[in-house]
Amino acid sequence: MNDSPLALLGGEPTITAPGPHFTWPVIAEPDREAVAAQLESGVSIPDRSGVVADFEDALASYLGVRHVVTTCTGTAALHSMYAAAGIGPGDEVIVPALTFHATATPLFHLGAHPVLADVDDRGQLDLDDAARRLTARTKAVVAVHLWGLPEDMDALVSFAEEHAVMLLEDGSHAHGATWNGRRTGTFGAAAAFSLNGPKPLSAGEGGFVATDDSELYYRVLLHGQYNKRCRREIPATHPLARFAVTGMGLKLRIHPLAAALALAQLPRLDGYLDGRQSTAARMCAALDGVPGIRVPHVPVLARPSWYALPLRYEPAGLGGLPLERFLEAVHAEGADAVDQPGSTCPLGTHPLFQAPGALLPGYADHQGPAVGDFPAAEHVHATTLKLPVWHGQEDVRLADAYTAAIAKVASHAKDLL
Ligand SMILES: *Cc1c(COP(=O)(O)O)cnc(C)c1O
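Criteria and thresholds
- Residues numbered from 1 in each chain as written.
- Predicted model: local features only at pLDDT ≥ 70, side-chain atom pairs only at ≥ 80, totals over all residues.
- Heavy atoms only, no water.
- Pairing = 2+ DSSP bridges.
- Helix = DSSP H or I, 4+ residues; strand = E, 2+ residues; numbered from the N terminus.
- 1 Å grid on protein atoms, 1.4 Å probe; cavity = no way out; pocket = protein on both sides within 12 Å on 5 of 7 lines; lining within 4 Å.
- Points joined across faces, edges and corners; volume = space filled by probe spheres on them.
- Nonpolar A, V, L, I, M, F, W, Y, C, P; charged D, E, K, R; others polar.
- Near = heavy atom within 4 Å.
- Polar contact = N/O pair within 3.5 Å; in protein donor to acceptor, adjacent residues only side chain to side chain.
- Areas by Shrake-Rupley, 256 points an atom, 1.4 Å probe, with all protein chains shown as cover.
- Sits in = over half its atoms within 2 Å of the grid points.
- Domains from an automatic or database assignment.
- Contact = heavy atoms within 4.5 Å.
- Buried area = accessible area lost by both parts, 1.4 Å probe.
- Salt bridge = Lys/Arg side-chain N within 4 Å of Asp/Glu carboxyl O.
- Phe/Tyr/Trp six-rings, centres within 6.5 Å; stacked < 30°, edge-to-face > 60°.
- Lys NZ or Arg CZ within 6 Å of the ring centre and 35° of its normal.

Where strands meet in a sheet, backbone hydrogen bonds hold them as pairs that are either parallel or antiparallel. Spatial strand order, β8-β7-β12: three strands in an open sheet with antiparallel pairing. With one partner strand each, in any of the chains shown, β8 (182–183) and β12 (302–303) form the two edges of the open sheet. With two bridges joining them, strand β7 (residues 178–179) and β8 adopt antiparallel strand pairing. Bridging from a neighbouring strand, W179 pairs with R182 of β8.

Okay, structure coming up:
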């Protein structure tokens with residue numbers, strides 16, 4: 001219990017260090033050297049050579065998969081993955097109702113329908129709700145490891161087997177996370193990852209698809225890597241080889257400077273994740289039992305990447321204090337990096353999902369979700385506060401200050417009512 005008055009009410013703030021308190025990715029000397037060297041050796045790579053080949057090989061060996069194809073963004077990786085999986089007009093794909101929109105939006109560009117399924121109280125796909133939404137047109141179900149907390153992959157693998165639908169993964173929050181010792185992104189027929197700015201592995205902008213399946217691999221190449229790569233990598237005897245020059249007509253290659261940056265970062269990823277794991281455990285221990293705050297439940301089989309620490313706010317424990325007021329007081333304590341998830345929100349709230357036909361003529365008859373259709377997704381989103389998870393020993397004091405700021409506001413909640 002901190003006895004000083006809340007900063008919002010004129011007391012001393014808990015944190016006075018100037019922000020930003022969390023920046024990602026870490027740019028270190030090897031990154032600068034790798035990017036500078038790449039500037040000299042080539043800034044356009046039309047085939048699988050140089051830094052693109054090196055990075056794809058490194059990712060394939062890190063994940064333990066046969067094939068990796070890099071892309072310009074995670075959105076492009078998802079688009080290529082769905083196209084390669086043969087998802088087309090009228091097909092339905094089950095996507096959690098709570099995720100970043102790009103998990104689902106590429107499906108609109110294939111004529112397919114994202115079918116949203118609600119999440120459970122942990123924000124993970126509710127398989128009972130997903131089962132109710134299966135139809136004869138359902139082709140696949142997508143696992144999203146929200147905030148880097150792995151989904152229950154045993155349950156998802158059996159769900160996909162039982163219902164004979166393809167399992168695909170969006171690993172964009174979860175590079176290096178594991179479920180039962182196995183890396184997320186290796187359970188489905190294929191996985192797509194973002195390498196965007198704040199993601200656990202970052203190229204600034206970029207993405208990739210990982211798969212063990214050579215047919216999927218060829219089709220990923222044909223979707224967004226036309227000409228040289230397709231000509232060299234798809235066997236001449238393969239029935240699709242004749243399409244190599246144009247592929248499917250899209251060009252979604254990664255920039256070699258982005259590949260160089262992420263390749264330089266990859267050897268440090270596991271060290272960062274170890275650091276995050278111990279910071280997250282420390283922050284959860286500090287916040288466990290604070291009234292109004294629920295720390296995430298992490299199953300014993302899950303090892304998260306801690307893209308963020310998602311806390312659940314329970315106003316009933318604080319006399320009904322609204323989350324916005326609580327957050328205002330936390331910010332006044334100097335804990336600026338605590339926030340509510342913005343763009344990672346219930347997909348049914350986006351106009352694109354409610355009325356895709358206004359932008360995409362093929363969807364004039366698409367029956368979009370209404371607000372209220374996904375009560376758990378909406379509730380989880382409305383009651384989530386997220387914190388950065390620092391990896392460094394030198395950041396332990398900052399992490400402690402953040403949890404102290406939250407505990408201080410909780411202990412003074414009555415002053416805010
Ligand atoms: C970031 C993200 C994407 C999109 O990746 P970009 O690289 O930004 O295109 C897709 N899905 C999830 C879950 C993400 O977090």
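There's more to say after this.
Let's shift gears to the environment of L149. Take L149: it is sitting in the loop between β5 (138–144) and α5 (153–162). In the structure, L149 is positioned 128 residues away from H21 in sequence and 23 Å away in space, judged by C-alpha atoms.

This part covers empty space enclosed by the protein. One pass over the structure, following the stated rule, counts two cavities of 30 Å³ or more. For the largest cavity, the calculated volume is near 50 Å³. Considering the residues around the largest cavity, the lining is formed by I45, P46, D47, V52, T70, Q225, R229, R253 and I254. Looking at side-chain class alone, the lining of the largest cavity contains four nonpolar, two polar and three charged residues. In this structure, the second largest cavity spans a volume of roughly 40 Å³. As for the second largest cavity, its lining consists of L59, Y62, L63, H175, G176, F193, L201, F208, L266 and L269. Of all the elements in the fold, those that place two or more residues in the lining of the second largest cavity are α2 (50–63) and α8 (256–287). A per-class count over the lining of the second largest cavity returns eight nonpolar, two polar and no charged.

To continue, consider the site of the ligand. In the vicinity of the ligand, 15 residues are found, and the nearest of them are G74, T75, D170, S194 and K199. Contact between the ligand and T75: an oxygen atom at 2.5 Å from a side-chain N or O atom of the residue. At a separation of 2.6 Å, an oxygen atom of the ligand approaches a polar side-chain atom of S194. In isolation the ligand offers 380 Å² of accessible surface; the protein chains occlude 92% of this area. In a pocket analysis with a 2 Å cut-off to the grid points, the ligand is assigned to the largest pocket.

Turning our attention to the side chain of E233. Counting through the fold element by element, E233 comes out in helix α7 (residues 228–233). Side-chain polar atoms of E233 contact the side chain of R229, separated by 2.8 Å.

Turning our eyes to something else, we now look at the sheet that holds strand β15 (residues 384–387). Taken together, three strands build an open sheet; the order of strands is β11-β13-β15 and the sheet is antiparallel. Only two strands of the sheet have a single partner each, and these edge strands are β11 (293–294) and β15. Where strand β13 (residues 309–313) meets β15, four bridges bridge the pair, whose relative direction is antiparallel. Within the sheet, the bridge partner assigned to P310 lies in β15 and is K386.

With that out of the way, let us pick up the domain arrangement of the chain. When the parts come together, some accessible area is lost, and that loss is often what is quoted as the size of the interface. Once the domains are mapped, the chain shows domain 1 (29–268) and domain 2 (269–416). Just the C-alpha atoms count here: the centres of domain 1 and domain 2 sit 25 Å apart. At the interface, 49 residues of domain 1 touch 44 residues of domain 2. Taken together, the two surfaces of domain 1 and domain 2 that pack against each other cover about 3700 Å², and 66% of this comes from carbon and sulfur. The largest per-residue losses of area from domain 1 upon contact with domain 2 belong to F108, W147 and R268, which jointly make up 22% of the total buried on that side. Applying the counting rule to domain 1 against domain 2 returns three salt bridges. For D270, the salt bridge identified is with R183, shortest N-O distance 3.6 Å. At the level of elements, β2 (92–96), β3 (98–100), β4 (113–117), β7 and α8 are the ones that each hand at least two residues to the side of domain 1 that touches domain 2. Residues that form the side of domain 1 that touches domain 2 fall into these classes: 26 nonpolar, 14 polar and nine charged.

A full pass over the atoms with the stated rule returns 10 aromatic pairs. Among the aromatic residues, ring-to-ring pairing joins F22, W24, Y272, W390 and Y402 into one connected group. Above the plane of the ring of F187 lies R182, whose end atom (NZ or CZ) is 4.3 Å from the centre.

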